[in-house]
Amino acid sequence: MTTEDRIARLEETLFFQERLIQDLNAALVSQQRQIDALERMLETIGSRVEDLLQAVAEGSGPANTPPPHYQER
């Protein structure tokens, strides 16, 4: 293998490594956006659950009674 062949092979390897790094970076950015969105959703759900638990503890939450069509006549 000549020096020129070795340099060409190294340049080829470098090109593909740079492309792979760019692809991995794009995937990482996409995943981070998804994680951020899921964290926001989880915070919203958590605060809603806390509000419901507080309402139930205070007695102002939804009644635990069957719906009207299940009640005996």
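Described in the following lines is the structure provided in the data block.

What counts and how
- Residues numbered from 1 in each chain as written.
- Predicted model: local features only at pLDDT ≥ 70, side-chain atom pairs only at ≥ 80, totals over all residues.
- Heavy atoms only, no water.
- Helix = DSSP H or I, 4+ residues; strand = E, 2+ residues; numbered from the N terminus.
- Buried < 20%, exposed > 50% of the residue type's maximum accessible area, 1.4 Å probe, protein only.
- Areas by Shrake-Rupley, 256 points an atom, 1.4 Å probe, with all protein chains shown as cover.
- Lys, Arg positive; Asp, Glu negative; His and termini not counted.
- Charge placed at Lys NZ, Arg CZ, Asp CG, Glu CD.
- Expected span 1.5 Å × (residues − 1).
- Phe/Tyr/Trp six-rings, centres within 6.5 Å; stacked < 30°, edge-to-face > 60°.

1. Topic: the overall build of the protein chain
Part 1 of the reasoning: When you go through the protein chain residue by residue, the secondary structure sums to one helix and zero strands.
Part 2 of the reasoning: For the protein chain, the C-alpha atoms occupy an extent of roughly 95 × 25 × 10 Å along the three principal directions.
Part 3 of the reasoning: Put simply, the protein chain has 73 residues, and 1% of those count as buried.
Part 4 of the reasoning: Carbon and sulfur atoms form 56% of the exposed surface of the protein chain, whose accessible area is close to 7300 Å².
Part 5 of the reasoning: Computed over 7 positive and 13 negative side-chain charges, the inter-centroid distance for the protein chain is 5 Å.

2. Let's talk about helix α1 (residues 3-58)
Part 1 of the reasoning: Look at α1: 81 Å from first C-alpha to last across 56 residues, which is about the 82 Å you get at 1.5 Å a residue.
Part 2 of the reasoning: One or two positions beyond α1, positive phi appears at Gly59, with a value near 85°.

3. Regarding the environment of Thr65
Part 1 of the reasoning: The residue Thr65 is located in the segment after α1 in this model.
Part 2 of the reasoning: The exposure class of Thr65 is exposed, given its relative accessible area of 54%.
Part 3 of the reasoning: With 49 residues separating them along the chain, Thr65 and Phe16 place their C-alpha atoms 65 Å apart.

4. With respect to the environment of Arg19
Part 1 of the reasoning: By secondary structure assignment, the location of Arg19 is in helix α1.
Part 2 of the reasoning: The exposure class of Arg19 is partly exposed, given its relative accessible area of 44%.
Part 3 of the reasoning: In this structure the C-alpha to C-alpha distance between Arg19 and Tyr70, which are 51 residues apart in sequence, comes to 63 Å.

5. Let's talk about the packing of aromatic side chains
Part 1 of the reasoning: Taken as a whole and judged by the stated rule, the model has one aromatic pair.
Part 2 of the reasoning: Seen in terms of ring centroids, Phe15 and Phe16 are 5.2 Å apart; in terms of plane orientation they differ by 75°. Their pairing is edge-to-face.
Part 3 of the reasoning: The class of Phe15 is partly exposed, set by a relative accessible area of 46%.
Part 4 of the reasoning: You can call Phe16 partly exposed: its relative accessible area is 45%.

6. Digging into the environment of Ile7
Part 1 of the reasoning: Among the secondary structure elements, Ile7 is positioned in helix α1.
Part 2 of the reasoning: A relative accessible area of 44% places Ile7 in the partly exposed class.
Part 3 of the reasoning: In this structure, the C-alpha to C-alpha distance between Ile7 and Pro67, residues 60 residues apart in sequence, is 78 Å.

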